[in-house]
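Summary of structural features
Okay, here's what each chain looks like letter by letter:
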Amino acid sequence: MLNTYAALLSKVREQKPLVHHITNYVTVNDCANATLGIGASPVMADAIGEAADIAAIASSVVLNMGTLNERTIPSMVAAGKAANEKGIPVVFDPVGAGASKLRNETAARILSDVKLSVLRGNISEIKFVAGQQSETKGVDASESDTANASGAGNLAKELAQKLDCVVVISGAVDTVSDGKKTVFVENGQPMLGSLTGTGCMCTSLIGAFCGAMPSEPLAAAAAAMLCMSIAGELAYGKTEQQGAGSFHMALHNEISLMDAGVLERLAKIREA
Amino acid sequence: MLNTYAALLSKVREQKPLVHHITNYVTVNDCANATLGIGASPVMADAIGEAADIAAIASSVVLNMGTLNERTIPSMVAAGKAANEKGIPVVFDPVGAGASKLRNETAARILSDVKLSVLRGNISEIKFVAGQQSETKGVDASESDTANASGAGNLAKELAQKLDCVVVISGAVDTVSDGKKTVFVENGQPMLGSLTGTGCMCTSLIGAFCGAMPSEPLAAAAAAMLCMSIAGELAYGKTEQQGAGSFHMALHNEISLMDAGVLERLAKIREA
Amino acid sequence: MLNTYAALLSKVREQKPLVHHITNYVTVNDCANATLGIGASPVMADAIGEAADIAAIASSVVLNMGTLNERTIPSMVAAGKAANEKGIPVVFDPVGAGASKLRNETAARILSDVKLSVLRGNISEIKFVAGQQSETKGVDASESDTANASGAGNLAKELAQKLDCVVVISGAVDTVSDGKKTVFVENGQPMLGSLTGTGCMCTSLIGAFCGAMPSEPLAAAAAAMLCMSIAGELAYGKTEQQGAGSFHMALHNEISLMDAGVLERLAKIREA
């Protein structure tokens, strides 16, 4: 499977898929630069007057509800539906699901109106979406990231079956499941949690990979999580002790320098 | 008092208070990363459909009117009122007060509808809020930052008494007053003025400290200004001559590395 | 002509013109920091309740439709008209013109309602604005940046005559024309295309230079493009192989360090 991931990365760099984002204004710059860094092309367009038009010419659509509002929620739905009509993959990041009624209703609306290729969140967001008891504190994971991977594995698998899409649960170990097969990405760096936007960047990278390979959302999502996790490891190795600013810069360096060789050499993947 | 500030920093890092921001889209990423860097947890949620809900579960609320608009002004008021009801501290940054009728009216509305714990601005913004003659040129300080600290001291003290909250005036020397006691932070680096968002980041740090110690807004605000000013000094020391990009990165490094020992060793505080 | 550009840079640093932006939320932080780096002062204010008021006290107005929406389009028009009334230069960046009906209509509306000093875009955006067949893929240039400069030269010249403003076409060679004289900036670095916002930053720098010298839009635009292109070369020289994050940081360094001497020494200008 490893050479699949490496081959997918090459595909992204060759095809430069256009990734349409409706996302939050906090981390949007990092999302755009991560998308460019991995070799794809970002476009952000959230006006209701063009969201569907841009989605229809994109290679993939990323919906991220980090700073959702009354104006952009209908745009997310419209972009998602337009993508669905053309068979363009949609990736959804239910940021902060569980933290407010508006977020809960919006997540439910998107799940009901839009067919997803990939759903990605942290464990508390995904638990909430799955209808399990969960406590979301703001937009960061409130439950231990070290929740054992097998628990996340079952959750991801069952939700993937229920929603008929790939489910990604980010954490110390990332879990990626399409309901049949589950991939655990054991790479990563705790410092990724000290920077805003690293979750959103994962979602954007999934968008980039899905854009290059719409028919293989499981491999696309796993390859994206692998790139981000390995970039985090390499960035930390080069900036350890220097602080969050240097790590931020180095993370973008490593995403932009990621290649098939690095990915194959450093990947720690387990499949079930 | 110095060990109070150092102890407060430890408290922030232990408690990881959730700091709800309704802020501008120019510097929001820096605000989020500064909040994380100091050890707190940022959440940005400005939709009227959730602003009050998120405020009610936060440890503190930061209202920053940098890119205010018709949609977010009511959200700021709603978040402020919801925080007030629960005794959650509210920090207000009247960015650009004096520069337009909309900003003037909005600042007045927030001051009238919301009980603040801390008000922070540069000298021209604070003068405007205090009803004094002032000339705001855009969103940056138009009057000399080197206006002597004693003038700012009286202004801060009187306004603090009038508004019954802590007032912070940023400048070459930062002035922090609760109307009884006034603290002057004599640390700082002029290069902080060459970067967008350093004022906003101060406000976010005040939010983080108030979240950890809601009953001590004077100490919280002074500790936050101390952290930012010392981080600026250290960042400049490590990147002098390299330019604004390196300084920006180093500033985030130093915020994330700030600890009680550094703070106690480098603080230049004067109290009156 | 070269010492004109160098003199203009000194003028920006002396006058610190206030550059009012209505721009997108993706690259706005880079635009603000580039504006500060070159020596000007940015203000971002897009509410309809203040867009015209802020424009009227600014030295120049930058309209960038990167993330245009129903709320901000009228603000762009209002700011542009208010600037026109006072003789304040307006710079327009028709980001993604050609990519959606909404963008096309908005570009047309601004061209019809607002008198521009400078229009800046990539070759596909400018072709679209000029009414030529063009294919805009998202917000990045879809046609070869290496399209020869003489083709761009004729396009810029004719459109400048038609719109009676300076037209800038960004590319491997930047083309700047007022319809009579055309300046080709042959500096630059391909890596500028791997970072989001470098086009927007060019537009902001043009705003800064126009603010300092409203009567000379051709020289102002050429000087701005020269600064950005040379900054890109220097940044790449210092961070080659390190990746996109280091290049991003170095680019801001070089903008902030740019001076007349560097500009005169490194400029590669051709005039026609």
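Everything below is about the structure shown above.
Computed from a prediction, not measured in an experiment: that's the story for all the values here.

Some words on the overall build of chain A
When helices and strands are counted, chain A shows eleven helices and nine strands. For 272 residues, the compact-globule estimate of 2.2 N^0.38 gives 19 Å, and the C-alpha radius of gyration of chain A, at 17 Å, lies within 12% of that figure. Referenced to the eigenvectors of the C-alpha coordinate spread, the extents of chain A come out at roughly 45 × 40 × 35 Å. Looking at chain A residue by residue over its 272 residues, the buried ones come to 62%. Long-range pairs, those at least 24 residues apart, make up 73% of the contacts in chain A between residues at least 6 apart in sequence. Summed over all atoms, the accessible surface of chain A reaches about 8800 Å², with 50% contributed by carbon and sulfur. Taken together, the 21 basic and 27 acidic charged side chains of chain A have centroids lying 3 Å from each other.

Some details on helix H2 (residues 28-38) of chain C
All names here are of chain C. Of all eleven residues that make up H2, eleven are buried, and the element is covered over most of its length. Where H2 is concerned, the buried positions are Val 28, Asn 29, Asp 30, Cys 31, Ala 32, Asn 33, Ala 34, Thr 35, Leu 36, Gly 37 and Ile 38. Of the residues flanking the end of H2, it is Gly 39, one or two places downstream, whose phi is positive at about 110°.

Brief notes about the interface of chain C and chain A
Chain C puts 30 residues into the contact, and the matching count from chain A is 28 residues. Taken over both partners, the interface formed by chain C and chain A buries close to 2200 Å², and the fraction arising from carbon and sulfur atoms is 55%. On the surface where chain C and chain A come into contact, there are one salt bridge. The tally of links between chain C and chain A comes to twelve residue pairs in polar contact (both at pLDDT 80 or more). Secondary-structure elements contributing two or more residues to the side of chain C that touches chain A are helix H5 (101-113) and helix H10 (244-257) of chain C. The element best represented in the side of chain C that touches chain A is H10 of chain C, accounting for five residues. Classifying every residue of the side of chain C that touches chain A by side-chain character gives nine nonpolar, 15 polar and six charged.

A few points about the nonpolar core
Residues and elements named next belong to chain B. Ile 38, Val 176, Ile 206, Phe 209 and Leu 251 are the most contacted members of the largest nonpolar core, which has 51 residues in total. Top element by residues in this core is helix H9 (residues 217-239). It accounts for 14 residues. Excluding its chain neighbours within four sequence positions, the residues that come into contact with Val 176 are Val 166, Val 167, Val 168, Lys 181, Thr 182, Val 183, Leu 218, Ala 221, Ala 222 and Met 225.

Quick look at the side chain of Thr 27 of chain B
Relative to the elements of secondary structure, Thr 27 of chain B occurs in the loop between strand S1 (18-22) and helix H2 (28-38). A relative accessible area of 3% places Thr 27 of chain B in the buried class. In this view, Thr 27 of chain B contacts Thr 196, Gly 197 and Cys 200 of chain B together with Asn 29 of chain C; residues no more than four positions away in its chain are not counted.

Section: the packing of helix H9 (residues 217-239) of chain C against H10 of chain C
All names here are of chain C. Remark: H9 packs on H10, axes separated minimally by 8 Å, with the N-to-C direction vectors making an angle of 130°. Accordingly, the angle class assigned to the pair H9 and H10 is oblique. Once H9 is placed against H10, the crossing between them reads as right-handed. Within the contact between the two elements, H9 uses Met 228, Ala 231, Gly 232, Leu 234, Ala 235, Tyr 236, Lys 238 and Thr 239 and H10 uses Ser 246, Phe 247, Ala 250, Leu 251, Glu 254 and Ile 255. Here the residues of the contact of H9 with H10 sort into nine nonpolar, three polar and two charged.

Overview of the environment of Phe 209 of chain A
Turning to its location among the elements, Phe 209 of chain A is positioned in helix H8 (residues 198-212). In sequence terms Phe 209 of chain A and His 21 of chain A are 188 residues apart; their C-alpha atoms lie 14 Å from each other.

So, the relation of the copies chain A and chain B
Mapping chain A onto chain B calls for a rotation angle of 120° and an axial translation of 0.0 Å; the resulting RMSD is 0.0 Å. In the structure described here, the two chain copies are related by an operation that fits a three-fold rotation axis. For chain A, the residue whose C-alpha comes nearest the rotation axis is Tyr 25 of chain A, separated from it by 3.5 Å. Both copies present different contact surfaces, since only 7% of the interface residues of chain A are interface residues in chain B too.

So, the sheet that holds S1 of chain B
Residues and elements named next belong to chain B. Pairing is mixed across the open sheet formed by nine strands, whose spatial order is S2-S1-S3-S4-S5-S6-S7-S8-S9. If you trace the sheet from one side to the other, it starts and ends with strand S2 (41-44) and strand S9 (269-271), each paired once. The mean inter-strand angle of the sheet, taken between neighbouring strand axes irrespective of direction, is 20°. The pairing of strand S8 (residues 182-185) with S9 spans three bridges and is antiparallel. Across the sheet, Val 183 pairs through a bridge with Glu 271, a residue of S9. The strands touched by helix H4 (residues 72-86) within the sheet are S1, strand S3 (60-64) and strand S4 (90-93), with S3 carrying the most contacts at an inclination of about 155°.

A short note on the pairing of strand S2 (residues 41-44) of chain C
Looking along a regular strand, one sees side chains alternate from face to face of the sheet. All names here are of chain C. Alternating positions in S2 separate into two faces, Ser 41 and Val 43 on one and Pro 42 and Met 44 on the other, with burial throughout. Bridge count for strand S1 (residues 18-22) against S2 is four bridges, and the pairing is parallel. Its bridge partner lying in S2, His 20 is registered against Val 43. Crossover connection from S1 via H2 to parallel S2: handedness right-handed.

What about the packing of aromatic side chains?
Residues and elements named next belong to chain A. According to the stated counting rule, one finds three aromatic pairs over all chains in the structure shown. When the centroid spacing of 6.4 Å and the interplanar angle of 70° are considered together, the rings of Tyr 236 and Phe 247 count as edge-to-face. Here Tyr 236, found in helix H9 (residues 217-239), pairs with Phe 247, found in helix H10 (residues 244-257); they are eleven residues apart in sequence, far enough to count as distant. The residue whose ring lies beneath Arg 270 is Phe 184, and the NZ or CZ to ring-centre distance is 4.5 Å.

Topic: the interface of chain A and chain B
Listed as interface residues are 30 residues of chain A and, on the opposing side, 29 residues of chain B. Interface area for chain A against chain B, summed over the two sides, is near 2200 Å², with a carbon-plus-sulfur share of 54%. In this assembly, chain A and chain B are joined by one salt bridge. Of the charged contacts, one joins Arg 103 of chain A and Glu 50 of chain B as a salt bridge, the two residues approaching to 2.8 Å between their closest N and O atoms. At the junction of chain A with chain B, the criterion picks out twelve residue pairs in polar contact (both at pLDDT 80 or more). Sorting the residues of the side of chain A that touches chain B by element identifies helix H5 (101-113) and H10 of chain A as the ones contributing at least two each.

Brief notes about the sheet that holds S1 of chain C
Residues and elements named next belong to chain C. Read from one edge to the other, the open sheet built from nine strands follows the order S2-S1-S3-S4-S5-S6-S7-S8-S9, with strand pairing classed as mixed. The two strands at the open ends of the sheet, each matched to only one other strand, are S2 and strand S9 (269-271). This sheet shows a mean twist of 20° between the axes of neighbouring strands, independent of strand direction. As paired elements, strand S6 (residues 166-170) and strand S7 (residues 174-177) share three bridges and run antiparallel to each other. If you follow Ile 169 over to S7, its bridge partner there is Thr 175. Against the sheet, helix H4 (residues 72-86) contacts S1, strand S3 (60-64) and strand S4 (90-93), and its axis sits at roughly 155° relative to S3.

What counts, and at which threshold
- Residues numbered from 1 in each chain as written.
- Chains lettered and ligands numbered in written order.
- Predicted model: local features only at pLDDT ≥ 70, side-chain atom pairs only at ≥ 80, totals over all residues.
- Heavy atoms only, no water.
- Helix = DSSP H or I, 4+ residues; strand = E, 2+ residues; numbered from the N terminus.
- Rg over C-alpha atoms; globule rule 2.2 N^0.38 Å.
- Buried < 20%, exposed > 50% of the residue type's maximum accessible area, 1.4 Å probe, protein only.
- Contact = heavy atoms within 4.5 Å.
- Areas by Shrake-Rupley, 256 points an atom, 1.4 Å probe, with all protein chains shown as cover.
- Lys, Arg positive; Asp, Glu negative; His and termini not counted.
- Charge placed at Lys NZ, Arg CZ, Asp CG, Glu CD.
- Buried area = accessible area lost by both parts, 1.4 Å probe.
- Salt bridge = Lys/Arg side-chain N within 4 Å of Asp/Glu carboxyl O.
- Polar contact = N/O pair within 3.5 Å; in protein donor to acceptor, adjacent residues only side chain to side chain.
- Nonpolar A, V, L, I, M, F, W, Y, C, P; charged D, E, K, R; others polar.
- Core = buried A, V, L, I, M, F, W, Y, C linked by side-chain atoms within 4.5 Å.
- Axes fitted to C-alpha atoms, helices over the stretch in contact; angles between N-to-C directions.
- Parallel < 35°, antiparallel > 145°, perpendicular 65-115°, else oblique.
- Left-handed = near helix turned anticlockwise from the far one by under 90°.
- Least-squares fit on C-alpha atoms with pLDDT ≥ 70 in both.
- Pairing = 2+ DSSP bridges.
- Right-handed = clockwise from strand over helix to strand, strands pointing away.
- Phe/Tyr/Trp six-rings, centres within 6.5 Å; stacked < 30°, edge-to-face > 60°.
- Lys NZ or Arg CZ within 6 Å of the ring centre and 35° of its normal.

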